[in-house]
Amino acid sequence: MLFSRHVAAPRGCPRLAAATCLLALAGLHACEPDRVVVQAERTLTSAASSGSPDCGDAIVGPGEECEPPGSGSCNSQCRRLAFGCGDGVLDEGEDCEDGNGLGGDGCSAECLREVCGNGRIDLGEDCEPPGTVQCSARCRRITAAVCGNALQESGEECEDGNALSGDGCSELCLLEQCGNGRVDPPEGCEPPSTAICSERCQPIPAASRRGVCGNAVQETGEECDDGNTFEADGCSGGCEREICGNGRLDPGEYCEPPNTSVCNAQCFPELQRCGDRKLSDGEECDDGNATDGDGCSARCAVEACGNGTLDASEDCEPPGTDICDAGCRRIARFCGNRTVEAPEECDDGNVLPGDGCDLRCQLEFCGNGRIDFGEQCELPGTEVCDMACRRIGACGNGTLDVGESCDPPNGVDCSATCQQTGAPPAVEPGCGNGLIEAGEECDDTNQLPADGCSPACTREACGNSRLDAGEECDDGNVLPGDGCSDACRQESCGNGRIDSALECEPPGSEGCSETCRVLPPPAAPGEPAPAQAPESALPESALPESALPDAPPPDEGAAAG
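So, here is what we can say about the structure in this document. (Residues numbered from 1 in each chain as written. Predicted model: local features only at pLDDT ≥ 70, side-chain atom pairs only at ≥ 80, totals over all residues. Heavy atoms only, no water.)

This part is about the state of the cysteines. Under the criterion given, the structure shown has 28 disulfides. Shown here is the disulfide that connects C213 with C239, its sulfur atoms set 2.0 Å apart. Of note, the bridge from C213 to C239 carries an S-S torsion of about 100 degrees and is right-handed in sense. With C213 in the loop between α2 (36-49) and α3 (556-560) and C239 in the loop between α2 and α3, this pair connects stretches of sequence that are 26 residues apart. Take C213: its relative accessible area is 25%, and that puts it in the partly exposed class. Relative accessible area serves as the criterion here: at 0%, C239 is assigned to the buried category. There is a disulfide in this structure between C377 and C385, and the S-S distance comes to 2.1 Å. Across the S-S bond linking C377 and C385, the dihedral sits near 90 degrees, which makes this disulfide right-handed. Residues C377 and C385 agree in their burial class; the two are buried. (Disulfide = S-S within 2.5 Å. Helix = DSSP H or I, 4+ residues; strand = E, 2+ residues; numbered from the N terminus. Buried < 20%, exposed > 50% of the residue type's maximum accessible area, 1.4 Å probe, protein only.)

Laid out in structure tokens, this is it:
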């Protein structure tokens with residue numbers, strides 16, 4: 001049973017503020033009437049003055065314990081409150097309680113569940129609710145396509161960086177070409193190659209409809225006839241002269257008419273644009289194309305790691321941070337990779353609780369403010385919590401605590417207050433009577449597994465060659481790397497733990513091979529691919545079953561014996 005937060009002041013203390021009394025109870029100050037209030041005020045003032053200058057930036061940085069300030073578990077100086085959200089106790093009004101005051105881990109700093117669709121924009125989300133026009137099913141903002149932004153997006157057939165028609169890509173970002181079923185500028189009809197519409201999508205005058213274009217005979221209505229219906233050879237497929245100044249946009253031309261403020265004598269535009277090989281105002285470079293990843297982007301900006309823009313072939317910006325290396329490649333980081341990375345307190349290569357480093361890579365110890373695996377309470381040294389983080393005086397907890405003569409109460413010879421009411425019953429021989437008898441290694445008065453003494457009164461310990469409760473294997477030793485770890489867990493690629501000789505989990509994820517080896521980052525353009533350690537360096541026990549050779553069938557006679 002969890003203790004109440006309204007703890008009475010110790011003997012000798014006056015009526016104190018809750019925070020002051022908590023400091024006294026936790027053993028931080030002597031409980032003397034005239035000194036504890038002043039000392040507590042100094043402590044609180046000192047804590048408040050140590051607030052980080054970055055408090056309130058939604059990132060738990062150096063010198064901070066929580067974010068945002070002023071939340072249910074975080075004071076105005078980004079220090080965790082002793083009680084409230086993050087104390088490890090699920091209180092009324094809390095959806096969840098993970099023992100910390102941090103958001104983004106499934107339980108927010110206000111102890112509300114973080115899930116896409118809850119109507120709140122949690123850490124890692126851009127929008128709510130999901131499944132709308134602007135918000136994806138994973139609560140990520142959907143940006144509508146914008147014609148003329150030089151980025152070809154969904155629904156666009158082309159993108160030339162402007163919203164003008166007549167240049168091959170219309171103001172709606174649709175391709176302008178003869179035969180597309182749309183009458184685009186400077187066309188006069190569709191479809192082409194009919195009795196009234198030429199192959200260039202120009203109306204054929206009634207007086208000229210007798211001629212046959214491509215017969216090498218210039219007939220009425222034809223400006224030329226070169227014996228074919230090819231384009232870009234001086235005489236078009238509609239037998240019209242292809243020449244700059246004819247008022248038609250022929251192949252190789254970009255504008256008509258020539259010799260204007262926007263069109264030169266060769267029917268090329270005079271407008272400054274990215275890709276014309278001319279360095280214009282606002283351009284950092286111009287390599288004559290609109291291709292990304294070649295050093296000069298489609299927007300004529302220099303592509304380089306550290307320029308603050310996520311260019312092609314880059315994973316992150318800026319370089320040289322905790323998650324981005326000097327080459328703008330994302331640094332793989334996760335709990336369980338045997339490397340302590342902020343905000344981790346520890347990393348022992350697994351995500352198992354109860355071994356000193358929990359599944360979130362936070363240190364497990366009595367007094368850390370979190371109820372860790374195997375603990376019953378926090379804070380130690382109080383009236384209800386001993387120095388080993390076990391509840392004090394909890395009648396009915398199955399443990400004979402101080403002041404109890406029996407436990408649990410049974411209504412016959414053990415009262416509701418755990419006091420013996422009659423003569424102690426006769427002890428019958430057998431496992432669970434509290435007496436170590438012949439053939440027993442231990443007897444802890446119960447027949448429960450996973451408490452150090454098994455239901456058969458044999459000691460439970462990794463390395464005893466017996467498969468005890470909670471163990472996945474037991475090979476008679478506590479050595480890792482032989483298929484059964486020093487915690488009696490199966491060592492294999494794909495079990496969610498980074499065992500001995502493995503480097504990453506899960507297999508097949510980003511940066512992790514199918515045999516749980518860290519993959520080298522992709523080589524930059526023009527550089528040789530980095531060498532990779534041979535997969536055969538892994539022990540067979542760590543390889544997935546699909547990577548192991550077929551084992552011969554066991555000898556039936558040996559199995560029977």
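This part takes up the environment of S198. Mapped onto the secondary structure, S198 falls in the loop between α2 and α3. Overall, S198 belongs to the buried group, its relative accessible area being 7%. Spatially, the C-alpha atoms of S198 and C213 are 9.3 Å apart, while their sequence positions differ by 15 residues. If near-sequence neighbours (up to four positions away) are discounted, S198 is found in contact with C189, P192, S193, I204 and G238. (Contact = heavy atoms within 4.5 Å.)

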